[in-house]
Amino acid sequence: MNDMAIWTEKLVKVYPGVRAVDGLSLNVPRGVAYGFLGRNGAGKTSTIRILLGLARPTEGRATVLGFSVGREQVAILERTAFVSESKTLYGDLTPRELVRFTRGFYPNWSDQAVTKYSRLFEIPMDRPFAKLSQGNRTKVYLLLALSQRADLLVLDEPGMGLDPVVVDEFLRVLVEDVIGEGRTVFISSHQLADVEQIADWVGLIDHGRLLLEARLDDIKSQFRWVTVAGNALPPTKSPEVLLVASEGDFCKYLVKKDAEAFAAELSGQGATVAQVSPLGLREIFLALVRKEEPCTSGNVGEIAEAVSLPLS
Amino acid sequence: MLLHVNPASGVPTYLQIETQVKHYIAAGALVPGDALPSVRKLAADLRISTNTVARAYQNLERDGVLRTVPGGRTYVAENPGSFLKSERIRRLRPYATQIAVEGTQLRLEPREIMELVQQELDALEEVNERYGDLDRKAR
């Protein structure tokens with residue numbers, strides 16, 4: 001039992017020939033917007049399927065809202081709303097009929113919310129689901145999920161097919177009606193811009209493993225590129241250096257904290273520090289996932305374990 | 001109050017909010033007693049997490065810039081300068097250090113660094129006077 005919205009410990013999911021999830025340990029606090037980021041095939045959807053009881057983990061443990069995944073799945077499903085990546089519902093039914101069908105399953109269901117969001121998202125409530133555009137199908141999913149007024153909202157690639165105006169409205173709804181109410185949003189996505197806008201926390205996964213989990217603002221206030229002139233540099237063993245990359249006549253160190261001190265140390269060794277610059281989520285994502293071409297000397301850009309910043 | 005945040009920049013969003021609020025106060029656009037939007041309203045307007053806005057407000061409150069009354073409304077504090085001078089200097093020192101370090105690293109002369117700070121102070125003064133004029137005209 002714990003107080004996290006989502007907690008996993010060394011979660012593993014093996015499908016024939018692939019370790020889709022490979023020792024994943026997540027800590028998603030309650031009441032936050034958490035961006036679960038990774039490339040296609042990084043293991044995001046596999047993780048979500050385990051959490052919702054749609055797949056059984058090969059190894060490891062997990063809880064959602066304090067309930068044990070697997071053993072207490074019904075309690076989890078009652079309190080969790082889910083928008084899946086593949087938008088398949090009963091095609092013959094209209095959104096209005098889908099609402100009637102869905103509401104009985106959820107103790108917190110709000111008809112007021114149905115009215116509000118169907119207007120806000122301009123959903124054609126009386127046209128069969130199968131005849132809706134992709135964008136409208138996504139909106140129906142969001143409507144059904146939001147109206148559950150669940151403690152945890154899990155969104156797997158929610159932005160599919162939505163135009164920018166609807167995305168913007170949806171972000172407002174998430175802030176006002178979900179996070180503002182102390183409920184938790186878990187967004188799995190590779191749409192970095194939308195996630196960066198709204199997320200408090202991010203978890204970055206690749207090849208089924210967690211590369212980074214921290215508060216987004218802490219990442220931004222501490223992560224720095226330290227750019228140094230020259231190509232052959234003394235190897236550094238600093239634990240704060242996540243990776244080293246070369247770019248033309250410069251070497252770049254991705255430093256997770258105390259970048260100024262690190263830069264001063266390099267200067268002390270005779271290096272010319274050209275720049276210490278902050279970086280956005282997109283750059284961090286690209287750097288960590290791509291593991292840029294390492295320098296000839298210096299420690300190679302291997303990431304030993306997930307980075308986690310202390311709570312402040 | 002017009003706040004803009006750029007989530008894609010490398011600057012933490014809560015810091016962007018803090019800096020802007022302080023700037024509005026320094027420039028006289030916000031005066032003691034002015035109400036700020038609620039955490040939820042500002043977060044919804046900016047499409048950022050309520051936690052981020054709450055963090056900014058808490059920091060500003062801790063710094064004596066804002067105050068929250070029972071019931072939850074937040075105002076510009078009556079006298080942001082009411083802390084002891086030594087305390088105010090203590091709070092400013094890290095920025096002074098940063099200016100000194102960065103300026104030196106960029107190979108600027110001490111005189112040039114001082115001039116830069118002076119220019120910023122002058123700019124604030126000018127904005128402040130303009131707001132003062134507007135206020136007098138309004139009356």
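All of these numbers come straight from a predicted model, not from anything done at the bench.

Focus on the overall build of chain A
Counting secondary structure elements, chain A contains ten helices and 16 strands. Every one of the 312 residues in chain A was classed for burial, and the buried ones make up 43%. Summarising the internal contacts of chain A: among those between residues at least 6 apart in sequence, 73% fall at separations of at least 24.

Notes on the overall build of chain B
Summing up its helical and strand segments, chain B has five helices and three strands in all. Sorting the 139 residues of chain B into buried and exposed places 22% on the buried side. The contacts of chain B with a sequence gap of at least 6 include a subset with a gap of at least 24, amounting to 56%.

Let's talk about the sheet that holds strand 13 (residues 241–247) of chain A
All names here are of chain A. Sheet architecture is open: four strands sit in the order 13-14-12-15, paired in antiparallel fashion. For this open sheet the edge positions go to strand 13 and strand 15 (273–278), each flanked by a neighbour on one side alone. Each strand axis lies, on average, 20° off the axis of its neighbour in the sheet, ignoring direction. Relative to strand 15, helix 9 (residues 259–268) is tilted by about 170°, and along the sheet it contacts strand 12 (224–229), strand 14 (250–255) and strand 15.

Thoughts on the environment of Ile198 of chain A
In this fold, Ile198 of chain A is placed in helix 7 (residues 192–198). Here Ile198 of chain A falls in the buried class, since 25 other C-beta atoms lie within 10 Å of it. For the pair Ile198 of chain A and Arg282 of chain A, spaced 84 residues apart in the sequence, the C-alpha separation amounts to 14 Å. Setting aside residues up to four positions removed in sequence, Ile198 of chain A forms contacts with Ala33, Leu171, Leu174 and Val175 of chain A together with Arg47, Ile48 and Ser49 of chain B.

Points about the domain arrangement of chain A
All names here are of chain A. Taken domain by domain, chain A consists of domain 1 (6–215) and domain 2 (223–302). Once you take the C-alpha centre of each, domain 1 and domain 2 turn out to be 36 Å apart. Each side of the interface is counted separately: domain 1 has nine residues, and domain 2 has six residues. For the side of domain 1 that touches domain 2, the secondary-structure elements that each account for two or more residues are helix 7, strand 10 (201–206) and strand 11 (209–215).

Brief notes about the nonpolar core
If you look at soluble globular proteins, the nonpolar side chains tend to sit buried side by side. All names here are of chain A. In terms of nonpolar packing, the biggest core is built from 89 residues, with Tyr34, Leu153, Val185 and Phe186 touching the most fellow members. When residues in this core are grouped by element, the largest group, seven residues, is from helix 5 (residues 134–147). Setting aside its immediate chain neighbours within four residues, Val185 contacts Ala33, Tyr34, Leu153, Leu155, Leu174, Val178 and Ile179. Residues Val226, Val228, Leu254 and Ala263 belong to the second largest nonpolar core, which totals 15 residues.

Concerning the interface of chain A and chain B
With 21 residues of chain A at the interface, the matching set in chain B holds 17 residues. Among the residues forming the side of chain A that touches chain B, the class breakdown is ten nonpolar, four polar and seven charged.

Describing the sheet that holds strand 1 (residues 35–36) of chain B
The pairing of strands in a sheet happens through backbone hydrogen bonds and is either parallel or antiparallel. All names here are of chain B. Strand order in the open sheet made by the three strands is 1-3-2, with antiparallel pairing throughout. Here the strands that pair on one side only, and so sit at the sheet edges, are strand 1 and strand 2 (66–68). Pairing of strand 1 with strand 3 (residues 74–76), which is carried by two bridges, proceeds in the antiparallel orientation. In the strand pairing of strand 3, Leu36 is matched with Thr74. Where helix 3 (residues 50–62) meets the sheet, it contacts strand 2 and strand 3, and its direction lies at approximately 110° from that of strand 2.

Side note on helix 4 (residues 85–105) of chain B
All names here are of chain B. The terminal C-alpha atoms of helix 4, which comprises 21 residues, lie 30 Å apart, in line with the 30 Å expected from a rise of 1.5 Å per residue. At Leu92, helix 4 is bent by approximately 35°, the largest bend along its length, and proline Pro94 sits one to four residues beyond. For helix 4, a buried count of zero out of 21 residues is recorded, marking the element as mostly open to its surroundings.

Comments concerning helix 5 of chain A
Residue and element names in this part refer to chain A. End to end, helix 5 covers 20 Å across 14 residues, agreeing with the expected 20 Å (1.5 Å per residue, within 8%). For helix 5, the tally of buried residues reaches twelve of 14 residues, placing the bulk of the element in the interior. Along helix 5, the residues that are buried comprise Asn136, Arg137, Thr138, Lys139, Val140, Tyr141, Leu142, Leu143, Leu144, Ala145, Leu146 and Ser147. Looking at the buried residues of helix 5, the elements they touch are strand 7 (80–83), helix 3 (95–103), helix 4 (111–120), strand 8 (152–156) and helix 6 (164–178). Note on helix 5: the residue one or two positions beyond its end, Arg149, has a positive phi of about 45°.

Comments concerning the confidence of the model for chain A
Looking at chain A, the pLDDT average stands at 86 and 90% of residues meet or exceed 70. Throughout residues 292–305 of chain A the model reports pLDDT below 50, and contacts reaching past four residues in sequence, or to other chains, amount to 37 contacts.

Here's the deal with the pairing of strand 14 of chain A
Regular strands have side chains that alternate between both faces of the sheet. All names here are of chain A. With five of its six residues buried, strand 14 lies for the most part within the structure. Looking at chain direction, strand 13 and strand 14 are connected through six bridges and run antiparallel. Each bridged residue has a counterpart across the sheet, and for Glu247 the counterpart in strand 14 is Phe250. Linking strand 13 back to strand 14 in an antiparallel pair, the connection comprises two residues, with Gly248 at a positive phi of about 60°.

A few points about the confidence of the model for chain B
All names here are of chain B. When the pLDDT values of chain B are averaged, the result is 86; 90% of them are 70 or greater. Mean pLDDT in chain B bottoms out at helix 5 (residues 110–138), which sits at 81, and peaks at strand 1, which reaches 94. In the predicted complex, the global pTM is 0.81; the interface-specific ipTM is 0.76.

A word on the packing of helix 2 (residues 39–46) of chain B against helix 3 of chain B
Residue and element names in this part refer to chain B. Closest axis-to-axis distance for the helix 2/helix 3 pair is 8 Å, and the angle between their directions is 125°. In terms of orientation, helix 2 lies oblique with respect to helix 3. The two elements helix 2 and helix 3 cross, and the hand of that crossing is right-handed. Contacts between helix 2 and helix 3 involve Val39, Arg40, Leu42 and Ala43 from the former and Thr50, Val53, Ala54 and Tyr57 from the latter. Broken down by class, the residue content of the contact of helix 2 with helix 3 amounts to six nonpolar, one polar and one charged.

Cut-off values and rules
Residues numbered from 1 in each chain as written. Chains lettered and ligands numbered in written order. Predicted model: local features only at pLDDT ≥ 70, side-chain atom pairs only at ≥ 80, totals over all residues. Helix = DSSP H or I, 4+ residues; strand = E, 2+ residues; numbered from the N terminus. Buried ≥ 20, exposed ≤ 12 C-beta atoms within 10 Å, placed from the backbone. Contact = placed C-beta atoms within 7 Å. Pairing = 2+ DSSP bridges. Axes fitted to C-alpha atoms, helices over the stretch in contact; angles between N-to-C directions. Domains from an automatic or database assignment. Core = buried A, V, L, I, M, F, W, Y, C linked by C-beta atoms within 7 Å. Nonpolar A, V, L, I, M, F, W, Y, C, P; charged D, E, K, R; others polar. Expected span 1.5 Å × (residues − 1). Bend = angle between axes of the 7 residues up to and from the residue. pLDDT = per-residue confidence, 0-100. Parallel < 35°, antiparallel > 145°, perpendicular 65-115°, else oblique. Left-handed = near helix turned anticlockwise from the far one by under 90°.

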